[in-house]
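# Examining the three-dimensional arrangement
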Amino acid sequence: MTTQPSPAGGVKLWAGALLVLGAMLPGTIVIPVVRSFITASWPGSEWLMHAFIAVNLLGAVVGGPVLAVRAERLGKRRLVASVSAALDGGFLLAATLGPPAWLLLGLRFFQGAVYIAAVSIFMGTIRRQARGASSMGVVGGAVVFSILLGIPLGAVLSKVSPSLPLIVGGVVGVVTGLLAPLVLPATTDAEQSRVTFRELLF
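Residues numbered from 1 in each chain as written. Predicted model: local features only at pLDDT ≥ 70, side-chain atom pairs only at ≥ 80, totals over all residues. Heavy atoms only, no water.

## Concerning the overall build of the chain
- If you tally the helices and strands in the chain, you get nine helices and zero strands.
- Considering the chain as a whole, with its 202 residues, one finds that 44% of them fall into the buried category.
- Nonlocal contacts in the chain, meaning residues at least 24 apart in sequence, comprise 84% of its contacts between residues at least 6 apart.
- A total of about 10300 Å² of accessible surface is found on the chain, and carbon and sulfur atoms cover 73% of it. (Helix = DSSP H or I, 4+ residues; strand = E, 2+ residues; numbered from the N terminus. Buried < 20%, exposed > 50% of the residue type's maximum accessible area, 1.4 Å probe, protein only. Contact = heavy atoms within 4.5 Å. Areas by Shrake-Rupley, 256 points an atom, 1.4 Å probe, with all protein chains shown as cover.)

Listed below in structure tokens is the structure:
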């Protein structure tokens with residue numbers, strides 16, 4: 001005898017997918033406007049355009065996993081995910097203020113770290129909430145949709161101002177962080193506090 005998924009479980013699954021979408025959009029919406037944004041704000045700094053992307057990826061690779069692992073170990077997944085998503089948006093908004101190049105790159109490094117932390121925790125929570133292929137299908141759809149939506153939206157908004165896609169992405173990130181505690185289950189923290197460091201790495 002098979003059990004049918006409850007309507008409440010379906011709502012939670014799709015709400016979690018919206019968190020993934022909201023957390024990823026600040027990254028995808030920037031893709032088509034990096035050149036125009038850097039050129040407008042820091043004219044003559046061609047190297048900064050490449051560093052803008054590279055430093056962000058470095059932060060994602062180095063800092064993102066560290067934050068996610070600490071969240072697991074401390075049993076603070078909801079807190080870390082919510083704060084990370086909000087900081088991701090906040091750092092993106094700060095970049096539009098035209099800070100010095102060194103500060104811009106620092107913002108991008110930490111933005112990469114919190115971006116990956118938020119996305120990975122949201123994805124992991126969905127997988128644990130709805131065990132099965134359907135949950136990962138919904139997550140995959142949210143990831144793909146964030147790219148399909150973010151890139152053309154960024155291109156359209158950039159026609160108004162090179163900074164506008166970053167502003168919109170930043171606001172979306174902050175709102176996602178504020179809504180995350182309402183969507184992520186309270187049991188998430190208690191469940192993850194029992195995971196060992198070895199289980200996280202292997």
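Structure shown, so let's carry the discussion forward.
## As for the nonpolar core
- Counting 22 residues, the largest nonpolar core has V20, M24, F122 and L184 as the members making the most contacts within it.
- Core analysis: the next-biggest nonpolar cluster, separate from the first, contains 18 residues, V34, F37, F52 and L166 among them. (Core = buried A, V, L, I, M, F, W, Y, C linked by side-chain atoms within 4.5 Å.)

## A few points about helix 2 (residues 34-41)
- For helix 2, the set of buried residues is V34, F37 and I38. The buried residues of helix 2 all sit within an arc of 95° when viewed along its axis, so they share a single face. (Arc of directions from axis to C-beta.)

## What to know about the packing of helix 3 (residues 46-74) against helix 4 (residues 77-95)
- Between helix 3 and helix 4, the least distance of the axes is 8 Å, while the angle of their chain directions is 150°. Taken together, the axes of helix 3 and helix 4 lie roughly antiparallel to each other. Residues L67, A71 and E72 of helix 3 form the contact with helix 4, whose participating residues are R77, V80 and S84.
- Looking at the contact of helix 3 with helix 4 residue by residue, the classes come out as three nonpolar, one polar and two charged. (Axes fitted to C-alpha atoms, helices over the stretch in contact; angles between N-to-C directions. Parallel < 35°, antiparallel > 145°, perpendicular 65-115°, else oblique. Nonpolar A, V, L, I, M, F, W, Y, C, P; charged D, E, K, R; others polar.)

## Remarks on the pattern of salt bridges
- Under the definition given, this model contains one salt bridge.
- One salt bridge connects R35 with E46, and the closest N-O pair in it is separated by 3.4 Å. Placement of R35 in helix 2 and of E46 in helix 3 is noted, with a sequence separation of 11 residues between them. (Salt bridge = Lys/Arg side-chain N within 4 Å of Asp/Glu carboxyl O.)

## Observations concerning the environment of A118
- Note on placement: A118 falls in helix 5 (residues 101-129).
- Here the alpha-carbon distance between A118 and A68, two residues 50 residues apart in the chain, equals 7.9 Å.
- Leave out the neighbours within four places in its chain, and A118 touches A81, S84 and A85.

## Examining helix 4
- With 19 residues, helix 4 should cover 27 Å at 1.5 Å per step; its first-to-last C-alpha distance of 27 Å lies within 8% of that length.
- Within the span of helix 4, buried status applies to R77, V80, A81, S82, S84, A85, D88, G89, L92 and A95. (Expected span 1.5 Å × (residues − 1).)

## Points about the layout of surface pockets
- When its volume is computed, the largest pocket comes out at roughly 290 Å³.
- Around the largest pocket sit 15 residues that line it, and G27, I31, N56, L57 and R108 are the ones nearest its centre.
- At the level of elements, helix 1 (7-28), helix 3 and helix 5 are the ones that each hand at least two residues to the lining of the largest pocket.
- A total of five residues in the lining of the largest pocket trace back to one element, the largest contributor, which is helix 3.
- Its residues assigned to classes, the lining of the largest pocket shows 10 nonpolar, four polar and one charged. (1 Å grid on protein atoms, 1.4 Å probe; cavity = no way out; pocket = protein on both sides within 12 Å on 5 of 7 lines; lining within 4 Å. Points joined across faces, edges and corners; volume = space filled by probe spheres on them.)

## Section: the packing of aromatic side chains
- Within this structure, the stated rule accounts for three aromatic pairs.
- Between F37 and W42 the ring centres are 5.6 Å apart and the planes differ by 75°, which places this aromatic pair in the edge-to-face class.
- Assessed through its relative accessible area of 12%, W42 is described here as buried.
- Summarising the aromatic geometry, the rings of F109 and F110 are spaced 5.4 Å apart at their centres and angled 90° between planes, so their arrangement reads as edge-to-face.
- Exposure remark for F109: the relative accessible area of 24% places this residue in the partly exposed category.
- A connected cluster of aromatic rings, assembled from ring pairs, spans F37, W42 and F52.
- Of note, R108 hangs over the ring of F52, and the distance from its end group to the ring centre comes to 3.8 Å. (Phe/Tyr/Trp six-rings, centres within 6.5 Å; stacked < 30°, edge-to-face > 60°. Lys NZ or Arg CZ within 6 Å of the ring centre and 35° of its normal.)

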